[in-house]
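# Structure assessment
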Amino acid sequence: MPKVEAVEALSRLASRSAPRASRAATPDALPLDTILRGDCVAELSRLPAQSVDLVFADPPYNLQLQGELRRPDESRVDAVDDAWDQFESFQAYDAFTRAWLLAVRRVLKPTGSLWVIGSYHNIFRVGSMLQDLDFWILNDIVWRKTNPMPNFRGRRFTNAHETLIWAAREPNAKGYTFNYEAMKAANEDVQMRSDWLFPICSGGERLKDADGHKLHPTQKPEALIARILLAASKPGDVVLDPFLGSGTTAAVAKKLRRHFIGIERDRSYAEAAQARVDATHPLPEAALAPAPSAREAPRVAFASLVERGLVTPGTLLTDARAQVKALVRADGTLSLETAPGLGTVGSIHRAGAAAQGAGACNGWTYWHIETGEGLMPIDRLRAVVRSEMAMAAE
């Protein structure tokens, strides 16, 4: 039997044997902002095809723990030993993983994407299956923990990270959301890297049960989920979590004004997640306005800065090191005052290229103007003009 047909058979089998959801979805309606209680494959089968923008999945890791784990003082470590994380074999875990990945792929829009998190116990198997099912891996992200649990037995390195895989629904996928400008702005105007530093969930954010113990052993920090949603979705998008657990994804989605669908088979987890969502309030819309990309921003000519008096004709612009100089002319062109390119007259881009002996140059970032606080790239003046244009358009 071909592998995809085998996966579909597993999916149908899981759907028939799954418990009924307390709030079941119907094929003609998307249960927005709802927590469905039941088996994830069964519940996913009830959702409309190609209806979800983003999936975040935190599946069981199949940790394969052997015996109790204790600290040097002999106190017991509260490790993940729950039944839902235990599988009788790698083959059983693979069958489970294939079934839910296939079910997720069905509900994802062609422009949607999937994020999966895991540890070394499972993430390589998940990644292989993603490729087997024709997902297209966009990135792997390393979540580096600032406060990881030590390796108490001293036989291995401390497990200080987990891995996320970001994948499009299919090869050659186009139109998936990536808020590049927002991620760059959040990283001090430098491209966001694929290694992220966050503490594990602790303190007041960690949900506790009636006895004061951790409600869920693998609760993820809100900051991690928020970055994923801010990077790969837009306000109003539908975010689905097939292993909702303590409800972090749903709560963060509500806060960021995304719709959510959560699936959780454990009653106590589902009830705690619902209470958490009910206590969460959306952020003001103004706080979630997307950062415009360079392509979306209105076009501004350097001559506009001269016409508005932001740059005066006769002003000398320099490079960032103040070694190259160019005179601003009344028509918005520059005249190079230093070699190479001495005497060249042209746009800020042409003059910048000539000054460097290069074929091209972004003059907005190359040229600087002297201010009372030192040199400033003229791109900041362009931002002033764009802001005025945006206000005039409202």
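Counting of residues starts from 1 at the beginning of each chain's written sequence and follows it residue by residue. Only residues with pLDDT of at least 70 get local features here, since the model is predicted, and only at 80 or more are side-chain atom pairs given and counted; chain-wide, interface and lining totals rely on the full set of residues. Heavy atoms throughout the structure, all of them, feed into the side-chain values; hydrogens and water do not.

## Details of the sheet that holds strand E3 (residues 108-118)
The pairing criterion is simple: DSSP has to find at least two bridges between the two strands. Helix numbers and strand numbers start at the N terminus; a helix is a DSSP run of H or I with at least 4 residues, a strand a run of E with at least 2. Spatial strand order, E1-E8-E7-E2-E3-E5-E4-E6: eight strands in an open sheet with mixed pairing. Looking at the sheet topology across the chains shown, the edges are occupied by strand E1 (34-36) and strand E6 (195-198). Along the sheet, successive strands turn relative to each other by an average axial angle of 20°, direction set aside. Contact between two residues is taken to exist if any of their heavy atoms lie within 4.5 Å; hydrogens are not considered. Each axis is a line fitted through C-alpha atoms, and for a helix only the stretch in contact is used; angles between axes span 0 to 180 degrees, taken between their N-to-C directions. Its contacts with the sheet put helix H6 (residues 222-232) on strand E2 (52-57), E3, strand E4 (136-145), strand E5 (161-168), E6 and strand E7 (238-241), and the angle it makes with E6 is roughly 140°.

## Some words on the nonpolar core
By convention a nonpolar core is built from buried Ala, Val, Leu, Ile, Met, Phe, Trp, Tyr and Cys residues, the set being connected through side-chain atoms within 4.5 Å. Burial classes: relative accessible area under 20% of the type maximum marks a residue as buried, over 50% as exposed, and values in between as partly exposed (1.4 Å probe, protein chains only). Within the largest apolar cluster, 32 residues are counted, with the highest numbers of intra-cluster contacts made by Leu44, Trp100, Leu101, Leu114 and Phe135. Those elements that provide at least two residues to this core are helix H2 (40-45), E2, helix H3 (90-107), E3, helix H4 (123-132), E5, E7 and strand E8 (259-263). Those residues within four positions of Leu44 in sequence are excluded, and the remaining contacts are Trp100, Ala103, Val104, Arg106, Val107, Leu240, Pro242 and Ile263. Core analysis: the second largest hydrophobic core is formed by 29 residues, Leu54, Trp115, Ala253 and Leu256 among them.

## Observations regarding the pairing of E3
Where burial is concerned, most of E3 is hidden: eight out of the 11 residues are buried. Note that E2 and E3 share five bridges and pair parallel. Of the residues in E3, the one forming a bridge with Ala57 is Val116. Of the pairings in the sheet, the one linking E3 to E5 comprises six bridges and is antiparallel in character. Counterpart to Ser113 in the pairing with E5 is Ala168.

## What about the pattern of salt bridges?
Whenever Lys or Arg places a side-chain nitrogen within 4 Å of a carboxyl oxygen from Asp or Glu, that contact is recorded as a salt bridge. Here the structure, examined in full by the defined rule, presents 15 salt bridges. The salt bridge partner of Asp195 is Arg193, with a shortest N-O separation of 2.9 Å. Note that Arg257 and Glu285 form a salt bridge whose closest N and O atoms lie 4.0 Å from each other. You can see Arg257 sitting in the loop between helix H7 (248-255) and E8 and its partner Glu285 sitting in the loop between helix H8 (267-278) and helix H9 (302-307), a full 28 residues away along the chain. Here the salt bridges do not stand alone but share partners, grouping Arg105, Arg169 and Glu170 into one network.

## Let's talk about the confidence of the model for the protein chain
For the protein chain, the average pLDDT comes to 85, and 84% of its residues sit at 70 or higher. Think of pLDDT as the predictor's per-residue confidence, scored from 0 to 100. Counted against residues more than four places away or in other chains, residues 1-27, with its pLDDT under 50, gives 42 contacts.

## Describing the packing of H3 against H4
The contact between H3 and H4 brings their axes to 10 Å, and the two run at 45°. One way to sum up the angle between H3 and H4 is to call them oblique. Here H3 runs over H4; the crossing is right-handed. Taken together, the residues of H4 that come into contact with H3 (itself represented by Phe90, Tyr93, Asp94, Thr97, Arg98 and Leu101) are Arg125, Val126, Met129, Leu130 and Asp132. Taken together, the residues of the contact of H3 with H4 sort by class into six nonpolar, one polar and four charged. An angle below 35 degrees is treated as roughly parallel, one above 145 as roughly antiparallel, one from 65 to 115 as roughly perpendicular, and anything else as oblique. Each crossing gets its handedness from the near helix: less than a right angle anticlockwise from the far helix is left-handed, clockwise is right-handed. Each residue receives one of three labels: charged for Asp, Glu, Lys and Arg, nonpolar for Ala, Val, Leu, Ile, Met, Phe, Trp, Tyr, Cys and Pro, and polar for the others, Gly being one of them.

## What about the side chain of Thr248?
The residue Thr248 is located in helix H7 in this model. Look at Thr248 and you get buried, because its relative accessible area is 5%. In terms of polar contacts, Thr248 uses its side chain to reach the backbone carbonyl oxygen of Lys220, at 3.4 Å. Here Arg276 takes part through its side chain, which lies 3.0 Å from a polar atom of the side chain of Thr248. Any N or O atom pair separated by 3.5 Å or less is treated as a polar contact, with the protein-specific requirement of one donor-capable and one acceptor-capable atom, and with residues adjacent in sequence counted only for side-chain atom pairs.

## What to know about the pairing of E7
Side chains Val238 and Leu240 of E7 all project onto a buried face; the interleaved residues Val239 and Asp241 project onto the opposite face, where all are buried too. Summarising the sheet, E7 and E8 pair through four bridges and their orientation is parallel. Directly across from Val238, in E8, lies its bridge partner His259. By definition, the crossover connecting two strands over a helix is right-handed if that path, from the first strand to the second, turns clockwise as seen with the strands pointing away from the viewer. Since E7 and E8 lie parallel, the crossover through H7 that links them has a hand, and here it is right-handed.

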